[in-house]
Amino acid sequence: MTAATPDPPPPRVRLAKRRGVELSLLVGAVLCSVYGYADVGLARSGAVPPDVAGYGAGLGLLALLAHLAVRFSAPYADPLLLPIAVLLNGLGLVLIYRLDLETPADRAAPTQLVWSALGVALFAAAVVFVNDHRLLQRYAYVCVAAALALLTVPIFFPAVNGAKIWIRIGGLSFQPGEFAKILLAVFFAAYLAANRTALAHTGRRIWRIQLPAGRVLGPIVAIWLVSVGVLILERDLGTSLLFFGLFVILLYVATGRTGWIAVGLLLAAAGACVVGSVEPHVNGRVDDWLHPFASIEAGNGPGQLAQSLFAFAAGGLFGSGLGLGHSALIGFAAKSDFILATAGEELGLTGLTALFLLYTLLVARGYRSGLALRDPFGRLLAIGLASILALQVFVIAGGVMGLIPLTGMAMPFLAQGGSSVVTNWIMVALLIRLSDSARAPRPDTETDGPGGTGADATRLVPEDAR
């Protein structure tokens, strides 16, 4: 008998990097934004704005910088993430510019462009210098300490529009809670990745619910108390819902137990009901949500929520056209909290649906990258970052449409707000880094741990999620 000849190893698969696809989509995103900018000028004055070339060149330069950072530092990253972010940011600048025409003394578009440039610069830095997302796991407790400090500082500053979420020093203002959400996502992902087995399989069973051990359950209760504390001290319903919703989602993903969703919803509802009944600012927003036309019936004219609902109704199916709406009647929050009402009135249900589909695609690609990762920390971090975007869109859109109480948060990339746009760009950078790790060829003996690959890895296999 002769010895059987071993089968030859399968040939290496050359994976498509899709950077050319990304560049083509970026060109389309910039052109769409420039067209919207020109359309606003034509609708308002009958002429193309004289600075349209400068706007297009600036946005195109930012998109090219981000593309080069991805091309050379994360070549296997998802090709849709960056173009969607550029398109949303560009449309946000168009909408803010359109509203600036109603308030010549308060021009926000130039400042927003500067913040966008800073966000893209930090995006490029994050993509280039964060070579391995698993390095962030080492700094989990540093992240949570920094996040708690950022959440605490605004308590000592005066309230702005009823909420203590801003820090104002001279002419500079920023919202530290925007940065805290990224730090908390890193901590949640690291903590749950380390304790997912204990959360799912240890503890006592009470009726049909199996509670984990006290040492594991303690941080969960602490997070709930912190979210309620934020709601009480800062009067910020949106941030409280965002933080607790993020933790519940990651808790479910880490353990696979649907009971945690029910527990999380009950705790969130209990905290919101208690605080809403005793805190005047939160209680006022609940009353406005339940009775949006009460001010009209009282003879005081429509409030912000009523004006927002009127704007959506006036938009109809195809909208009034960019620059031809009246959403500026909403008042001081038209460029921030209620900018979605401008999109609804001037782009109509069709344009609003397209915006929501862009957000849906951005979140879905983040989830897909997370599901393709092998290490638990990376999987939870990707899902957590994508969930932050999903929760923000839901909370903000639900508020301005009258589905839930108003929260005062900023629509990702669209709304005026330097802290928000910078934070969103950093989140996209981390998602791109995670998607690069998910799509890149890797040794077939790679383990789940943060140590990397096996010593005997000799061939590369493709990912099943492209």
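Just so we're clear, the structure is a prediction, and the values are computed from it rather than from any experiment.

> I would appreciate a short explanation of the environment of Lys335 in the present structure.
Inspection of the secondary structure assignment puts Lys335 in the loop between helix 12 (304–315) and helix 13 (339–372). Overall, Lys335 belongs to the buried group, its relative accessible area being 7%. A C-alpha to C-alpha distance of 8.5 Å links Lys335 and Asp100, two positions 235 residues apart in sequence. Discounting chain neighbours no more than four positions away, the residues touching Lys335 are Leu99, Asp100, Thr103, Asp106, Ala108, Ala415 and Gln416.

> Honestly, helix 4 (residues 109–129) in this entry has me stumped. Any pointers?
Each α-helix winds once per 3.6 residues, and so residues spaced three or four apart point in a common direction. Compared with the 30 Å implied by 1.5 Å per residue over 21 residues, the 30 Å span of helix 4 between its first and last C-alpha is a close match. Taken residue by residue, helix 4 has Ala109, Gln112, Ser116, Gly119, Val120, Phe123, Ala124, Ala126 and Val127 as its buried positions. Down the axis of helix 4, the smallest arc covering the buried residues is 160°, so these residues share one side. Residues of helix 4 that are exposed and point over 90 degrees away from its buried face: Val114 and Phe129. Residues of helix 4 that are buried in the fold lie against helix 2 (52–73), helix 3 (81–100) and helix 15 (418–439).

> Help me understand a nonpolar patch on the surface, please; the structure alone is not making it clear to me.
There is a patch of nonpolar side chains on the surface, built from Leu23, Val27, Leu31, Leu61, Leu64, Leu68 and Phe72 and spanning about 690 Å² of accessible area. Of all the elements in the fold, those that place two or more residues in the nonpolar patch are helix 1 (19–45) and helix 2. Among the elements that take part in the nonpolar patch, helix 2 stands out by supplying 4 residues, more than any other. Mapped onto the elements of the fold, Phe72 is located in helix 2. The exposure class assigned to Phe72 is exposed, which follows from its relative accessible area of 66%.

> Even after reading the chapter, I still don't get the side chain of Ser336, so can you show me in this structure?
As for its placement among the helices and strands, Ser336 is situated in the loop between helix 12 and helix 13. For Ser336, a relative accessible area of 17% gives the class buried. If sequence neighbours within four positions are ignored, Ser336 has contacts with Ala415 and Gln416.

> Looking at this structure, how should I read the packing of aromatic side chains?
Think of a pair of aromatic rings as described by two things: how far the centres are apart, and how the planes are tilted against each other in angle. All told, the structure shown has 9 aromatic pairs when counted by the stated rule. Consider the rings of Tyr141 and Phe187, whose centres lie 5.6 Å apart with planes at 70°: the pair is edge-to-face. In this pair, Tyr141 is assigned in helix 5 (residues 140–152) and Phe187 in helix 6 (residues 176–201), connecting sequence segments 46 residues apart. We classify Tyr141 as exposed; its relative accessible area is 60%. Three or more aromatic residues joined by ring pairs make a cluster, and in this case those are Tyr141, Phe187, Phe188, Tyr191 and Phe247.

What counts, and where the lines are drawn
- Along each chain, the written sequence defines residue order, and numbers are assigned to residues from 1.
- A pLDDT threshold of at least 70 governs which residues receive local features in this predicted model, and a stricter bar of 80 or more applies before side-chain atom pairs are shown or counted, although totals over entire chains, interfaces and linings include all residues.
- As a rule here, side-chain values cover all heavy atoms of the structure and leave hydrogens and water aside.
- Here a strand is any run of E in DSSP of at least two residues, a helix any run of H or I of at least four, and the numbering for each starts at the N terminus.
- When a residue's accessible area, from a 1.4 Å probe over protein chains only, is under 20% of the maximum for its type it is buried; when over 50% it is exposed; and in between it is partly exposed.
- Whether two residues are in contact is decided by their heavy atoms, any of which lying within 4.5 Å being enough.
- To estimate the expected span of a helix, count its residues, drop one, and scale the result by 1.5 Å.
- This arc describes the spread of directions from the helix axis toward the C-beta atoms.
- Here, patches come from residues exposed beyond 30% relative accessible area and free of salt bridges, joined within 9 Å for like charges and within 5 Å for nonpolar side chains (Val, Leu, Ile, Met, Phe, Trp, Tyr).
- Under the convention used here, a 1.4 Å probe and the Shrake-Rupley method define accessible areas, while residue burial counts only the protein chains that appear.
- Throughout this description, the term salt bridge denotes a Lys or Arg side-chain nitrogen within 4 Å of a carboxyl oxygen of Asp or Glu.
- In this scheme Phe, Tyr and Trp rings, the latter by its six-membered ring, pair at centre separations within 6.5 Å, and the angle between planes marks the pair as stacked below 30 degrees, edge-to-face above 60, and tilted otherwise.

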